[in-house]
Amino acid sequence: MPKTSKSAEAAVPQNSLLAAIHPITKFGNDSYRLIQRCTKPSMKEFKKIALATTVGFLVMGFIGFFVKLIHIPINNIIVGS
């Protein structure tokens, strides 16, 4: 049997229970590390994100409105009232 390094043995748990728990603990550790690196946005960044979101909602609303505006007459012509 070839020898493996200790880091390779630690990366692959031998016990089936440890093999099932290992991905969960790795996800938990990675999530904790991500939360520690996150920072609260400044007021300038927040306003820029809020403005971009508002513009996106308005654009999508107008697109939906005009599609519906065009769809109603076409539907009435096809179906006939």
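What you are looking at is a predicted structure, and each value in this text was computed from that prediction instead of being measured.

### Digging into the confidence of the model for the chain
Logical step 1: Summarising the model, the chain shows a mean pLDDT of 85, and 81% of its residues fall at 70 or more.
Logical step 2: Ranking the elements of the chain by mean pLDDT puts helix α1 (residues 6-11) last, at 52, and helix α3 (residues 43-79) first, at 93.

### Section: the packing of aromatic side chains
Logical step 1: Counted by the stated rule, this structure contains 2 aromatic pairs.
Logical step 2: Note on F62 and F66: the rings are 6.4 Å apart at their centroids and 25° apart in plane angle, and the pair reads as stacked. You can see F62 and its partner F66 sitting in helix α3, 4 residues apart, about one turn around the helix.
Logical step 3: Residue F62 is classed as exposed on the basis of its relative accessible area, which comes to 51%.
Logical step 4: Measuring from centroid to centroid gives 5.4 Å for F65 and F66, while their planes differ by 70°, and the two rings are edge-to-face.
Logical step 5: F65 gets classed as partly exposed once you look at its relative accessible area, which sits at 47%.
Logical step 6: Three or more aromatic residues link up through ring pairs in this structure, and these residues are F62, F65 and F66.

Thresholds applied
- Residues numbered from 1 in each chain as written.
- Predicted model: local features only at pLDDT ≥ 70, side-chain atom pairs only at ≥ 80, totals over all residues.
- Heavy atoms only, no water.
- pLDDT = per-residue confidence, 0-100.
- Helix = DSSP H or I, 4+ residues; strand = E, 2+ residues; numbered from the N terminus.
- Phe/Tyr/Trp six-rings, centres within 6.5 Å; stacked < 30°, edge-to-face > 60°.
- Buried < 20%, exposed > 50% of the residue type's maximum accessible area, 1.4 Å probe, protein only.

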